[in-house]
Amino acid sequence: MMDLLIPDKTHDESRQGEALMLKAEAAKNNGRKLYIESYGCAMNFSDSEIVASILAERGFETTPDYSVADVIFINTCSIRENAEQRVRNRLKEFTVAKVKNPGLVVGVLGCMAERLKSKFLEEEKLVDVVVGPDAYRDLPNLIDRVDDGQKAVNVLLSREETYADISPVRLNSNGINAFVSIMRGCDNMCSFCVVPFTRGRERSRDPKSIVAECQDLFDKGYREVTLLGQNVDSYKWKSKAEGSESDAISSVSEAETNFANLLEMVALISPDLRVRFSTSHPKDITDEVLYAINKYDNICNYIHLPVQSGNSRILDLMNRTYDREWYINRIDAIRRIIPDCAISTDVITGFCSETDEEHKDTVSMMDYVKYDFAYMFKYSERPGTLAAKRYADDIPEEVKQKRLTEIVAKQQEYSFYRMQARIGRVERVLIEGFSKKSDKDYCGRSDQNAMVIFPVGEGYKPGEYVNVLIERSTTATLIGRVV
Ligand code: SF4
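It should be emphasised that the depicted structure is a prediction, and the values quoted were computed from it without experimental measurement. (Residues numbered from 1 in each chain as written. Predicted model: local features only at pLDDT ≥ 70, side-chain atom pairs only at ≥ 80, totals over all residues. Heavy atoms only, no water.)

Novice: How do you make sense of the site of the ligand when you look at a structure like this?
Specialist: Around the ligand, the surrounding shell consists of Cys186, Asn188, Cys190, Phe192, Cys193, Val195, Pro196, Gln230, His281 and Arg320. Class assignment for the residues of the shell around the ligand results in 6 nonpolar, 3 polar and 1 charged. (Near = heavy atom within 4 Å. Nonpolar A, V, L, I, M, F, W, Y, C, P; charged D, E, K, R; others polar.)

Novice: Help me understand the sheet that holds strand 4 (residues 105-110) in this model?
Specialist: The strands that make up a sheet are held in pairs by hydrogen bonds between backbone atoms, and each pair lies either parallel or antiparallel. If you trace the 6 strands from one edge of the open sheet to the other, you get 2-1-3-4-5-6, paired in parallel fashion. In this open sheet, the two strands that pair with only one neighbour each are strand 2 (61-62) and strand 6 (152-154). By the bridge criterion, 5 bridges tie strand 1 (residues 33-38) to strand 3 (residues 71-76) in an arrangement that is parallel. The residue of strand 3 that forms the bridge with Leu34 is Val71. Each of strand 1, strand 2, strand 3 and strand 4 is contacted by helix 2 (residues 42-56), which is oriented at about 170° to strand 1, the strand it contacts most. (Pairing = 2+ DSSP bridges. Helix = DSSP H or I, 4+ residues; strand = E, 2+ residues; numbered from the N terminus. Contact = heavy atoms within 4.5 Å. Axes fitted to C-alpha atoms, helices over the stretch in contact; angles between N-to-C directions.)

Novice: Please clarify how unusual backbone geometry should be interpreted in this entry.
Specialist: For residues other than glycine, phi is negative in most cases, and the peptide bonds are mostly trans. Cis geometry is adopted by the peptide bond preceding Thr279, which originates at Ser278 and carries an omega value of 10°. Mapped onto the elements, Thr279 comes out in the loop between strand 13 (274-278) and helix 9 (287-295). Positive phi is not limited to glycine here, since Asn449 has a value of about 75°. Here Asn449 is to be found in the loop between strand 18 (441-445) and strand 19 (451-455). Classification of Asn449 as partly exposed rests on a relative accessible area of 23%. (Buried < 20%, exposed > 50% of the residue type's maximum accessible area, 1.4 Å probe, protein only.)

Novice: It is not clear to me how the confidence of the model for the protein should be interpreted in this structure. Could you clarify?
Specialist: Keep in mind that low pLDDT regions are not for reading the predicted coordinates in detail. Confidence in the prediction of the protein, expressed as mean pLDDT, is 90, and 90% of residues score 70 or more. Below a pLDDT of 50 lies the segment residues 1-9, which in the model reaches 0 contacts outside its immediate sequence neighbourhood of four places, other chains included. (pLDDT = per-residue confidence, 0-100.)

Here is the structure:
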């Protein structure tokens, strides 16, 4: 009996000790103000909410105004061109704020941390603290070190960290849509991408903690969650499931949760909770995922499936691990299994050695799929990537621009085509708030992720669903009235 009691007591004591320590830290930081500015993808914005939560437990309050902050963080992204210069300029503005408040702590978080730590911290002395995406739990210690007059760095990547137990503080939230991170890192090695180097190896988060977070959001009034990962289709969680005690040979079996299972688990929370996800990878998206989307009305009929190029040789150089035929096969599967599914994509023009003929394959892919929406970029080399090491960035700028202009015009055509096809239909819309242009109109998204505008009226408000008859459209917006 005693043996059983001792561990419990020790566990209780250590939890009590932890709680006391947290209380003491919270008292020490009481009321210190934290300002976080986020750049880049949804994953970065979601990480900022984790950072806010870790520091809220230690007594920090978030503020939208950096001029009153005691701690300023920039959560960086290294995807876009000139990102480094933009962050540098912003940090210089914060340095001015330091004159007024010498105790101000300025730090850089996220994807650029590893690459810029020596530049920003030691050479240019623009920041006090540099923290990589897997080291946010260490932030309270690092801030303490800065308070003691030292500089602080932690850019270690982890194979386990998923922040599963942290309940994010929702920043800039409308109380209706929220991002929920389901995994971190990426095991793909697309040759143009820095993510595998900045965010480390792929790891999935315990599905129980994901479902609990989504349930909690729903209970608080949220009506849409977007499950986030660099490659959600490779989500995988293995848990040990206890077997019956009489089964002496295998009392423990492994239960595996894949992305299709996870989608179903989240969808079952409530039919009134919409489920979206981002981003899919063409090599990993399975028919099982598509059937799960089709089975549940609350899993939205919308898939972002980055193609990057329509040409198999370029896809091979990009190390995308699929070819044109495979991608088309996945598009056909989506059209077959979810007939009313919107599809968007990412495209890069002018990748290393791309010929005019190969570019035409991208254009013809756009003709084939008729995407609802596309993010389109000219290729630009990122330091440290495989492409930067292996291939010459040899397409002249004006050729890249010409190709980009061509596909942007093509996409405008297809976005308009897709929008026009919705005219006369009734869309179920989750109201998000007033439209940007007028407080006489509400805006919200359709199941297919199209923005819908309609007049404000009695009997419905943000956070509720309405049926809207679509009467007209622009390239980017559907316009109608509630029926
Ligand atoms: S799938 Fe490719 S593009 Fe996406 S994060 Fe991973 S390496 Fe980067």
